[in-house]
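What follows is the residue order along each chain.
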2 protein chains.
Amino acid sequence: MTTAQRPTLEAVARRAGVSRATVSRVVNGSTTVAEPIRDAVRRAVAELGYVPNLAARSLVTQRTDSIALVLPEAATRVFSDDQVFPGIIRGAAQELEAADKQLVLMLAGSPAGHDRVERYTTGRHVDGVLFASLHGEDPLPGRLARLGIPVVCSGRPLDGADVPYVDVDHVGGVATAVRHLLDSGRRRIATIAGPQDMVAGIERLAGYRNTVAEAGLPELVATGDFTRESGATAMRQLLAEHPDLDAVFAASDLMAHAALRALREAGRRVPDDVAVIGFDDIETAAYTEPPLTTVRQPIVQLGRQMTRLLLRLAAGEAIESVVLPTELIVRESA
Amino acid sequence: MTTAQRPTLEAVARRAGVSRATVSRVVNGSTTVAEPIRDAVRRAVAELGYVPNLAARSLVTQRTDSIALVLPEAATRVFSDDQVFPGIIRGAAQELEAADKQLVLMLAGSPAGHDRVERYTTGRHVDGVLFASLHGEDPLPGRLARLGIPVVCSGRPLDGADVPYVDVDHVGGVATAVRHLLDSGRRRIATIAGPQDMVAGIERLAGYRNTVAEAGLPELVATGDFTRESGATAMRQLLAEHPDLDAVFAASDLMAHAALRALREAGRRVPDDVAVIGFDDIETAAYTEPPLTTVRQPIVQLGRQMTRLLLRLAAGEAIESVVLPTELIVRESA
DNA sequence: TTGTAAGCGTTATCAC
DNA sequence: GTGATAACGCTTACAA
């Protein structure tokens, strides 16, 4: 295993018969280099297989050309099959590829992980930080922002910090879903809410409350944590407390999926006896029994948009938070 | 937005009244520093909020303390809900957290992305590279390995390159599944194979072939690409060509899921008329109708094991490829 | 045990 | 247009 000495700027310069400075200019695309010299340098670069040392570059430019994506990794939930995090990762990766920057992934589940994220990001080892759906009132985004580190969150920060964010229109999406239920004559509409320490959970519940209140109907609420398991429990609870319910809006497709099964086990037919609507539009939604009507959120777009904002922020531009639209996908469950 | 000058070693040294070298020693945990001095330095570090500049450190140590995870991102497949890539990411992240190293994620879908990965990794911007399930005979892992860059693949490289890998026991897992079908009296056992340009696809088909041949039964094969869509198509094709089939082994849970629906649409009952077994044990498998019997592969473990090997390789140790066991999870579909 | 000093490979500011 | 040269912040012989 030969530790092939990597060629440096110096080596390229010697080979091309020019100075280091000139090679640097060519490599960085400066236009002030004479045609023939530029060609000579390019040839030398190719012949030697020169690749710039990013550490050296970072040291002087104070840029790292990489950004961090911080995921909460709430134990099992993250990377279950709800596709939210993979979607964000994918969107971010696409956008960064275009900008030729790197994606550093950090899971901040444990307190130790959280510290690690703080050290790493405050240490300016990245040009900016993306936070994916936080739990509770995490002070980190606000803290980083105050230190002048570019930060963008997915969803409005719960601690009220003035940090730019990208989110989807939870309230509007849920309102559309509940109205769809109302339009089809449902009058005992329940909800399986998401965790109330996350924006997505809070806002989807708010959307439900607004809409049933407007219609003069009662609130029938049970709370889960977006997982199937919690959805099953919540559905059974709702059935026990409100046996006459005729519709359920679940704040995630996973919970809706479990609700579908719980309803079947309880002898209710979907949608005849009870209509069900979910939120997310994960791939599985089209394959449940019956196929799930759901509110689609543009999750890859979310990742892309967050990244685009972050890059602009890092470039010194002023940016504004963005809310992306949702869309009701009608299948057979409602 | 004040560009808060970050404190350097120099600043800490001045504050603690020692030399830069001593601070460096303390920061890097050298034991040859006198107790009181160490304390003084630690205090200065804390007071100033000093965080080492990794670029500067890399420049001199020639290490980056980060490793790349390369994902193929075959269009839609990656980050669909098969949880394979998220699982690998998660395992890698866990293991790297323990080692206090960073995870750089690279999607290498397009040819441009592929080039980008090559430039970046050959440029020694990472201490090692993890490749997740390659398509076809990608020459990159072998090329990097020959350059002396630590590389570990998930699955044996198809181009025969001598690169260490971690894989799961596809053949054994499938054999167990098919024998389970045989034991329950099935005799017309079909398979929906995975893509034949991926190890997972190839080996799972081989496992099926071996086992039905041993039993003296005919091969009934249709091929998909691990997605639900392809699974549905394959299932319909199998039903058309072999209407008397009484069991199906699908090389992925997604394809098995689609097969379940296709069978129902064709009026076959599962498992009464046709038994179905999948591969993966994704979360959805427990929620299909009926719940899916499947071969579980330890996907997070795969990510962890790959990472552990890579770190040892980067540390100069000799390592051996590893094959992880699979397990048949019996539910109701077979 | 601690300090001095020489790089690590770039970019950027000057002169020329 | 091109070339010296001084940083950038750190680690690590080597000296003391």
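Basis of the calculations
- Residues numbered from 1 in each chain as written.
- Chains lettered and ligands numbered in written order.
- Predicted model: local features only at pLDDT ≥ 70, side-chain atom pairs only at ≥ 80, totals over all residues.
- Heavy atoms only, no water.
- Near = heavy atom within 4 Å.
- Polar contact = N/O pair within 3.5 Å; in protein donor to acceptor, adjacent residues only side chain to side chain.
- Helix = DSSP H or I, 4+ residues; strand = E, 2+ residues; numbered from the N terminus.
- Axes fitted to C-alpha atoms, helices over the stretch in contact; angles between N-to-C directions.
- Parallel < 35°, antiparallel > 145°, perpendicular 65-115°, else oblique.
- Contact = heavy atoms within 4.5 Å.
- Nonpolar A, V, L, I, M, F, W, Y, C, P; charged D, E, K, R; others polar.
- Least-squares fit on C-alpha atoms with pLDDT ≥ 70 in both.
- Pairing = 2+ DSSP bridges.
- Buried area = accessible area lost by both parts, 1.4 Å probe.
- Salt bridge = Lys/Arg side-chain N within 4 Å of Asp/Glu carboxyl O.
- Expected span 1.5 Å × (residues − 1).
- Buried < 20%, exposed > 50% of the residue type's maximum accessible area, 1.4 Å probe, protein only.
- Arc of directions from axis to C-beta.

> Quick question: what am I supposed to make of the protein's contact with DNA strand C here?
Around DNA strand C, the structure places 28 residues, and the nearest of them are A:S24, B:T22, B:R25, B:A34 and B:I37. Of all atoms in DNA strand C that approach within 4 Å of the protein, 62% are sugar or phosphate atoms. Backbone polar atom of A:N53 to a phosphate oxygen of DNA strand C: 3.3 Å apart, as the coordinates give it. B:A34 has a polar backbone atom sitting 2.6 Å from a phosphate oxygen of DNA strand C. Among the elements of the structure, α2 (20-27) and α4 (54-61) of chain A together with α2 (20-27) and α4 (54-61) of chain B are those that each provide at least two residues to the surface near DNA strand C. Among the elements that take part in the surface near DNA strand C, α4(A) stands out by supplying five residues, more than any other.

> Which parts of the structure should I look at to understand the packing of helix α1 (residues 9-16) of chain A against α2(A)?
Each packed pair of helices is defined by two parameters, the angle between the axes and the distance between the axes. Residues and elements named next belong to chain A. The interhelical angle for the contact between α1 and α2, taken along N-to-C directions, is 105°, at an axis separation of 8 Å. The angle between α1 and α2 places the two elements in the roughly perpendicular class. Listed contacts from α2 to L9, E10, V12 and A13 of α1 are R20, V23 and S24. Of the residues in the contact of α1 with α2, the class split is four nonpolar, one polar and two charged.

> Honestly, the relation of the copies chain B and chain A in this entry has me stumped. Any pointers?
Rotating chain B by 180° and moving it 0.1 Å along the rotation axis overlays it on chain A with an RMSD of 0.1 Å. What the rotation and shift describe, once combined, is the action of a two-fold rotation axis. Of the interface residues in chain B, 100% have counterparts in chain A that sit at the interface too, so the contact is made through matching surfaces.

> Would you mind going over the protein's contact with DNA strand D with me for this structure?
Around DNA strand D, the surrounding shell holds 28 residues, and the nearest of these are A:T22, A:R25, A:I37, B:L9 and B:Y50. Take B:R20: an N or O atom from its side chain is 2.7 Å from a base nitrogen of DNA strand D. B:N28 has a polar side-chain atom sitting 3.1 Å from a phosphate oxygen of DNA strand D. Of all the secondary structure elements, the ones that give two or more residues to the surface near DNA strand D are α2 and α4 of chain A together with α2 and α4 of chain B. Sort the elements by how many residues they give to the surface near DNA strand D and α4(B) lands first, with five residues.

> Is there a simple way to think about the sheet that holds strand β7 (residues 220-223) of chain B in this case?
The pairing of strands in a sheet happens through backbone hydrogen bonds and is either parallel or antiparallel. Residues and elements named next belong to chain B. If you trace the six strands from one edge of the open sheet to the other, you get β7-β6-β8-β9-β10-β12, paired in mixed fashion. Only two strands of the sheet have a single partner each, and these edge strands are β7 and β12 (327-329). Adjacent strand axes in the sheet meet at a mean angle of 20° when their direction is disregarded. As defined by bridge partners, strand β6 (residues 189-193) adjoins β7 across four bridges and the pair is classed as parallel. Bridging across to β7, T191 finds its partner in V221. The strands touched by helix α8 (residues 170-183) are β6, β8 (247-250), β9 (275-280), β10 (293-296) and β12; relative to β9, the strand with the most contacts, the crossing angle is about 165°.

> Please clarify how the interface of chain B and chain A should be interpreted in this entry.
With 59 residues of chain B in contact, the opposing surface of chain A contributes 59 residues. Surface buried jointly by chain B and chain A totals about 5000 Å² across both partners, of which 54% is contributed by carbon and sulfur atoms. It is B:R90, B:R116 and B:Y287 that lose the most area in chain B upon contact with chain A, and together they represent 13% of the buried surface on that side. Residue B:E289 pairs with A:R264 through a salt bridge whose shortest N-O separation is 3.3 Å. The interface formed by chain B and chain A includes 22 residue pairs in polar contact (both at pLDDT 80 or more). At the level of elements, α4, α5 (84-99), β2 (102-107), α6 (111-122), α10 (228-241) and α11 (253-265) of chain B are the ones that each hand at least two residues to the side of chain B that touches chain A. The leading source of residues in the side of chain B that touches chain A is α5(B), at seven residues. Of the residues contributing to the side of chain B that touches chain A, the split by class is 26 nonpolar, 17 polar and 16 charged. The pairing of strand β2 (residues 102-107) of chain A with β2(B) spans three bridges and is classified as antiparallel. By the bridge assignment, A:L103 is partnered in β2(B) with B:L105.

> Help me out: how do you make sense of helix α3 (residues 35-48) of chain B in this one?
Since the α-helix advances by 3.6 residues per turn, residues separated by three or four positions end up pointing in the same direction. Residue and element names in this part refer to chain B. For α3, spanning 14 residues, the distance from its first C-alpha to its last is 20 Å, which sits close to the expected 20 Å at 1.5 Å a residue. Those residues of α3 lying buried are R38, V41, A44 and V45. Taken end-on, α3 shows its buried residues confined to a sector of 125°, consistent with a single buried face. Exposed positions of α3 whose direction lies more than 90 degrees from the buried face are P36 and A46. Packing partners of the buried residues in α3 comprise α1 (9-16) and α2. Immediately beyond the C-terminal end of α3, within one or two residues, lies G49, with a positive phi of roughly 65°.

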